[in-house]
Amino acid sequence: MKLVVINPNSTASMTDKIVEAARAVAGPGTEVEGRTAHGAPASIEGHFDEVMCAAHLLREVQEAEAQGADAIVVACFDDPAIGACREVATGPVLGICEAGVKAASMIATSFSIVTTLPRSVPVIEELVRRYGLDHQCRRVRSAEIPVLALEQPGSDARARVRAEILRAIEEDRCEAVLLGCAGMADLTEWLSAECGIPVIDGVTAATTFAEALVRAGLRTSKIGAYAHPIQK
């Protein structure tokens, strides 16, 4: 099985981190390939960045499809252009927000999400509503850190994420926490041990869900909303 994990921003170091997280949970026989959306913004923080990354992301999806990808993971918590990605792909395409919230709903009756900047909070809240899990999501929280701070050695990003998770446990009384940024993928094990609560990374959830869909023989429906784009 060939699984392609696409980072919709142009920061290659983040792609490396994401791919490492995916490979850590991929099953035997699964080849994980990482792709970076070169030309996209360096990070995706808001609606403008989502739009600006879309064409570059779709190019990577089309190339991955042409090179035999069985499934694709779009590794940004905003799930940018996910519908368009599914139109151009035949195999499953998973966004890490959708995979993460659905995983959280299966292991806990309530969860909170910890993301990066405050501007991402309403974007994620809307996604949670779209995925039908707002009744289980206690709160979407911001650790008030830029995405790229997660890539900077010596920054206090790790400590800020940990502190926000501890506040979520105390104030939200949630049973699990979902990390609201692909750039946090390498913190999952440490944060789970530090905070004493299931901490979920959307990259690993999407990876394992994608494998399951492929093994079940399921592909993206081409009747209706995810039909191939009309040639014009």
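Residues numbered from 1 in each chain as written. Predicted model: local features only at pLDDT ≥ 70, side-chain atom pairs only at ≥ 80, totals over all residues. Heavy atoms only, no water.

**A short note on the overall build of the protein**
Scanning the protein from N- to C-terminus turns up eight helices and eight strands. Here the contacts in the protein between residues at least 6 apart in sequence split such that 72% fall between residues at least 24 apart. Here the protein displays about 10,200 Å² of accessible surface, and carbon together with sulfur accounts for 53% of that area. The distance from the centre of the 22 positive side-chain charges to the centre of the 31 negative ones in the protein is 3 Å. (Helix = DSSP H or I, 4+ residues; strand = E, 2+ residues; numbered from the N terminus. Contact = heavy atoms within 4.5 Å. Areas by Shrake-Rupley, 256 points an atom, 1.4 Å probe, with all protein chains shown as cover. Lys, Arg positive; Asp, Glu negative; His and termini not counted. Charge placed at Lys NZ, Arg CZ, Asp CG, Glu CD.)

**Some details on helix α8 (residues 202–215)**
Helix length check: α8, at 14 residues, gives a terminal C-alpha distance of 20 Å against a target of 20 Å (1.5 Å per residue), a fit within 8%. Every buried residue of α8 is accounted for by Gly202, Val203, Ala205, Ala206, Thr207, Ala210 and Glu211. The N-cap residue of α8 is Asp201: its side-chain oxygen and the backbone nitrogen of Val203 are 3.1 Å apart. Positive phi appears at Gly217, one or two residues downstream of α8, with a value of about 80°. (Expected span 1.5 Å × (residues − 1). Buried < 20%, exposed > 50% of the residue type's maximum accessible area, 1.4 Å probe, protein only. Polar contact = N/O pair within 3.5 Å; in protein donor to acceptor, adjacent residues only side chain to side chain.)

**Side note on the packing of helix α1 (residues 12–25) against α8**
The packing of two helices is summarised by the inter-axis angle and the distance between the axes. Orientation of α1 relative to α8, taken along the N-to-C sense of each, is 50°, at an axis distance of 9 Å. Of the possible angle classes, the one that applies to α1 and α8 is oblique. You can see that α1 and α8 cross each other, and the crossing is right-handed. Along its contact with α1, which presents Ile18, Ala21, Ala22 and Val25, the element α8 presents Val203, Thr204, Thr207, Thr208 and Glu211. Partitioned by chemical class, the residues of the contact of α1 with α8 number five nonpolar, three polar and one charged. (Axes fitted to C-alpha atoms, helices over the stretch in contact; angles between N-to-C directions. Parallel < 35°, antiparallel > 145°, perpendicular 65-115°, else oblique. Left-handed = near helix turned anticlockwise from the far one by under 90°. Nonpolar A, V, L, I, M, F, W, Y, C, P; charged D, E, K, R; others polar.)

**Overview of the packing of aromatic side chains**
Given two aromatic rings, one states the distance between the centres and the angle between the planes to describe the pair. Per the counting criterion, the structure on display carries zero aromatic pairs. The ring of Trp190 has Arg158 lying over it, and the distance from NZ or CZ to the ring centre is 4.3 Å. (Phe/Tyr/Trp six-rings, centres within 6.5 Å; stacked < 30°, edge-to-face > 60°. Lys NZ or Arg CZ within 6 Å of the ring centre and 35° of its normal.)

**Remarks on the pattern of salt bridges**
Taken as a whole and assessed by the stated rule, the structure comprises 18 salt bridges. A salt bridge links Glu164 to Arg141, with the nearest nitrogen and oxygen atoms 2.6 Å apart. Here Glu164, found in helix α6 (residues 157–172), pairs with Arg141, found in strand β6 (residues 137–142); they are 23 residues apart in sequence, far enough to count as distant. Under the relative-accessibility criterion, Glu164 is labelled buried at 8%. By relative accessible area, Arg141 is classed as buried at 3%. The shortest N-O distance in the salt bridge between Glu171 and Arg141 comes to 2.8 Å. One end of the pair, Glu171, is in helix α6; the other, Arg141, is in strand β6, and 30 residues separate them in sequence. Judged by its relative accessible area of 48%, Glu171 is partly exposed. (Salt bridge = Lys/Arg side-chain N within 4 Å of Asp/Glu carboxyl O.)

**A look at empty space enclosed by the protein**
The gaps left among the atoms become clear once a water-sized probe is rolled over them. Tallied over the entire structure, the rule returns one cavity of 30 Å³ or more. Reported here for the largest cavity is a volume of approximately 140 Å³. Looking at the largest cavity, it is lined by 17 residues, and the ones nearest its centre are Ile44, Cys76, Phe77, Val147 and Cys181. A per-class count over the lining of the largest cavity returns ten nonpolar, six polar and one charged. (1 Å grid on protein atoms, 1.4 Å probe; cavity = no way out; pocket = protein on both sides within 12 Å on 5 of 7 lines; lining within 4 Å. Points joined across faces, edges and corners; volume = space filled by probe spheres on them.)

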